[in-house]
Amino acid sequence: MSGYGPFDGFTIAAIAVAVILSALVSLIGTSARKRSIYLGEAKAEDLAEMTGIVDPKQLLAAFGPPDMGRVWRTVTLMDVRKARQPQGWLMSSDLVDYGCMGIAVLAFFVSHPLVYGALLFALCLQIGGWIVSTRLPK
């Protein structure tokens, strides 16, 4: 990609490793968020990342008020899936992360311009997820 022979493979490998690591970190965070929702300990941060809803008023409209400990105990994973917005898919979708990892692994074995394009698309998805996550409530 760089135009210099010895560095073409290095650039692709570096992008693939970056995509794999980013997707792995995202999967670990998503797993922790799912666990807290499953156990009935969902906080605003968990619901915001899983759904992509960053406005607290919209979170209240979607899931109702939390209890006295600022925790939503009655929210299920199915409720979260129903309320998910496109930003939620970028930040916390297992399918997107596994797909990005699959494309990155494929780029190690297949040398084709379409695979390189798909790898760059996967990189853009991962970067987009991290950028969207900066808008989450703290």
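This section reports on the structure supplied with the text.

The rules we used
Residues numbered from 1 in each chain as written. Predicted model: local features only at pLDDT ≥ 70, side-chain atom pairs only at ≥ 80, totals over all residues. Heavy atoms only, no water. Helix = DSSP H or I, 4+ residues; strand = E, 2+ residues; numbered from the N terminus. Buried < 20%, exposed > 50% of the residue type's maximum accessible area, 1.4 Å probe, protein only. Contact = heavy atoms within 4.5 Å. Areas by Shrake-Rupley, 256 points an atom, 1.4 Å probe, with all protein chains shown as cover. 1 Å grid on protein atoms, 1.4 Å probe; cavity = no way out; pocket = protein on both sides within 12 Å on 5 of 7 lines; lining within 4 Å. Points joined across faces, edges and corners; volume = space filled by probe spheres on them. Nonpolar A, V, L, I, M, F, W, Y, C, P; charged D, E, K, R; others polar. Core = buried A, V, L, I, M, F, W, Y, C linked by side-chain atoms within 4.5 Å. Axes fitted to C-alpha atoms, helices over the stretch in contact; angles between N-to-C directions. Left-handed = near helix turned anticlockwise from the far one by under 90°.

## Here we look at the overall build of the chain
Along the chain, the regular secondary structure elements total 7 helices and 0 strands. Counted from the first residue to the last, the chain has its helices and strands arranged as α-α-α-α-α-α-α. In terms of overall dimensions, the chain has C-alpha extents of about 60 × 25 × 20 Å along its principal axes. Residues classed as buried in the chain amount to 35% of the 138 residues present. For the chain, restricting intrachain contacts to residue pairs at least 6 apart in sequence, the fraction spanning at least 24 positions comes to 69%. For the chain, the accessible area works out to roughly 8,300 Å², and carbon and sulfur atoms hold 69% of it.

## Quick notes on the layout of surface pockets
Approximately 220 Å³ is the volume found for the largest pocket. Around the largest pocket sit 13 residues that line it, and K43, A44, E45, R70 and W72 are the ones nearest its centre. For the lining of the largest pocket, the elements supplying multiple residues, two or more each, are helix 2 (44-51) and helix 3 (56-63). Among the elements that make up the lining of the largest pocket, the one with the highest residue count is helix 3 (3 residues). Its residues assigned to classes, the lining of the largest pocket comprises 8 nonpolar, 1 polar and 4 charged. Estimates place the volume of the second largest pocket at around 150 Å³. Lining the second largest pocket are V25, S26, G29, T30, E49, L90, M91, Q126, G129, W130, S133 and L136. Of all the secondary structure elements, the ones that give two or more residues to the lining of the second largest pocket are helix 1 (5-38), helix 5 (86-92) and helix 7 (113-133). Here the lining of the second largest pocket is composed, by residue class, of 5 nonpolar, 6 polar and 1 charged.

## Side note on the nonpolar core
With 15 residues, the main nonpolar core has I37, L47, L59, F63, W72, V75 and V80 as its most contacted residues. Taken together, the elements giving at least two residues each to this core come down to helix 2, helix 3 and helix 4 (77-83). With 3 residues, the top contributor of residues to this core is helix 2. Excluding residues within four positions of it along the chain, L59 makes contact with A44, L47, A48, I53 and G64. Core analysis: the next-biggest nonpolar cluster, separate from the first, contains 10 residues, I15, A16, A104 and V115 among them.

## Some remarks on the packing of helix 6 (residues 94-109) against helix 7
In helix packing, the relevant descriptors are the interaxial angle and the interaxial distance, both defined with respect to the helix axes. Here helix 6 crosses helix 7 at 145°, and the two axes come no closer than 9 Å. Seen along the crossing, helix 6 lies across helix 7 with a hand that is left-handed. Contacts between helix 6 and helix 7 pair V96, D97, C100, I103, A104, L106 and A107 from the former with V115, A118, L119, A122, L125 and Q126 from the latter. Partitioning the contact of helix 6 with helix 7 into residue classes produces 11 nonpolar, 1 polar and 1 charged.

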